[in-house]
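What follows is the residue order along each chain.
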Amino acid sequence: MKRFLPTLLAAAALTLTMAACSSPDGNPTSTEDDVATVPLPPIPAAVDTSGGKKAPTPAANSVNRELTAPNAVEDIKKMQPQM
């Protein structure tokens, strides 16, 4: 009886696992979902928020500009309103 119960439980678990993983037609790789494969629309262009103004110098707005304390102070002074 000690060997019968674990064997019975293992067989039941294996049977339930196999039933859950198999597809109705017997082919495990087939899918019957009707999925539309339409390409995505192109991404629209970025909106121009500068109002047509040009940047003063390319180095000042460069993505690769070095992050240092003097550059940060300069950027903060440009953001503050002039009195």
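Residues numbered from 1 in each chain as written. Predicted model: local features only at pLDDT ≥ 70, side-chain atom pairs only at ≥ 80, totals over all residues. Heavy atoms only, no water.

(A) Structural view of the overall build of the protein chain. A count of helices and strands for the protein chain gives two helices and zero strands. Buried residues in the protein chain amount to 4% of all 83 residues. Accessible surface computed for the protein chain: about 8,400 Å², of which carbon and sulfur atoms make up 65%. (Helix = DSSP H or I, 4+ residues; strand = E, 2+ residues; numbered from the N terminus. Buried < 20%, exposed > 50% of the residue type's maximum accessible area, 1.4 Å probe, protein only. Areas by Shrake-Rupley, 256 points an atom, 1.4 Å probe, with all protein chains shown as cover.)

(B) Layout of a nonpolar patch on the surface. Taken together, the side chains of M1, F4, L5, L8 and L9 make up a nonpolar region of the molecular surface, amounting to roughly 610 Å² of accessible area. Assessed through its relative accessible area of 45%, L8 is described here as partly exposed. (Patch = residues over 30% accessible without salt bridge, like charges linked within 9 Å, V, L, I, M, F, W, Y side chains within 5 Å. Salt bridge = Lys/Arg side-chain N within 4 Å of Asp/Glu carboxyl O.)

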